[in-house]
Each structure stands twice: as C-alpha cells, then as structure tokens.
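Structural features, examined
Here's the letter readout for the chains.
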Amino acid sequence: MDGMKDAKIPCVIDIYQDSILPARIYIDMKDVLAKLMGDEHEGLEVDEYYVELTYNEYDKADEIKVPKKQKRLRMPGAALTGMPVTMIQTRQRRLRPGRAKN
C-alpha cells in the first residue's frame, strides 16, 4: 500500500450543459489494481478496471426517513482516511440534458 499514497488516477467528469451538474464520473482504476496486486499475480493481465457513476436526475428523491437508532450513531471519518490520492487527467465535457455517455 506504500505506493498508493503517490497514486495518480485518471478521471473524466461529464457535465450536463443546461445545469452544469455532473452527468457521469469515470475513474480508471486499472493502474491502481496493478499496484495493489504487485508481483503476487505476475502474468495476470487486466484489460479494464474502472468505477463509473452516472447521474440521471437531481432533486427527485422522496423524503428520507432515518430510524431514531441510526440518528444516535456516530460515523467515523472518511472511508479512505490517511490515503491521499491525486487525480489527474480530469476532463469535462458538456452534454445535452439526459445524456451521459463515454
């Protein structure tokens, strides 16, 4: 995991042209997987490994009711605390409403 603190992760952010809100976020994780696997899996070849988030609509959620028991729980900090990651190769594209594409 030592090599992860200097990891550079390519990211593409597509933006809806009319609202300037994110339509899609594509994060290429192929190099991260290779670093995590290291020499343990020599000869294994990965063609694609990515995370893709697509936002189809905003402000359309019904009321969210949180159980009283859950309200009392304290959540720890971010899941990846202590693992700084620099995102590079960020690119924004403007899309017509309702369109999130590669």
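The model shown is predicted, which means the values in this text are computed figures rather than measured ones.

In this section: the pattern of salt bridges. Counted by the stated rule, this structure contains two salt bridges. Close ionic contact of Asp14 with Arg24 constitutes a salt bridge, the shortest N to O distance being 2.9 Å. Placement of the pair is Asp14 in strand β1 (residues 8-16) and Arg24 in strand β2 (residues 22-28), with a sequence separation of 10 residues. Assigned by exposure class, Asp14 and Arg24 land together as buried. A salt bridge links Arg24 to Glu52, with the shortest nitrogen-to-oxygen separation between them at 3.0 Å. In this pair, Arg24 is assigned in strand β2 and Glu52 in strand β3 (residues 50-54), connecting sequence segments 28 residues apart.

Bringing the layout of surface pockets into the picture now. Of the pockets and cavities examined, the second largest pocket occupies roughly 150 Å³. If you go around the second largest pocket, the residues you meet are Lys30, Asp31, Leu33, Ala34, Met37, Gly38, His41, Glu42, Gly43, Leu44, Glu45 and Val46. Considering only residue class, the lining of the second largest pocket consists of five nonpolar, three polar and four charged.

What follows deals with the environment of Tyr55. By the element assignment, Tyr55 lies in the loop between β3 and α2 (68-72). Tyr55 sits in the partly exposed class, given a relative accessible area of 30%. In this structure the C-alpha to C-alpha distance between Tyr55 and Leu21, which are 34 residues apart in sequence, comes to 9.0 Å. Tyr55 has contacts with Tyr16, Pro22, Ala23, Arg24 and Ile25, leaving out every residue within four places of it along the chain.

Its location among the elements puts Ala7 in the segment before β1. A relative accessible area of 3% places Ala7 in the buried class. It is 7.3 Å that separates the C-alpha atoms of Ala7 and Val32, two residues lying 25 residues apart in sequence.

Conventions and cut-offs
Residues numbered from 1 in each chain as written. Predicted model: local features only at pLDDT ≥ 70, side-chain atom pairs only at ≥ 80, totals over all residues. Heavy atoms only, no water. Salt bridge = Lys/Arg side-chain N within 4 Å of Asp/Glu carboxyl O. Helix = DSSP H or I, 4+ residues; strand = E, 2+ residues; numbered from the N terminus. Buried < 20%, exposed > 50% of the residue type's maximum accessible area, 1.4 Å probe, protein only. 1 Å grid on protein atoms, 1.4 Å probe; cavity = no way out; pocket = protein on both sides within 12 Å on 5 of 7 lines; lining within 4 Å. Points joined across faces, edges and corners; volume = space filled by probe spheres on them. Nonpolar A, V, L, I, M, F, W, Y, C, P; charged D, E, K, R; others polar. Contact = heavy atoms within 4.5 Å.

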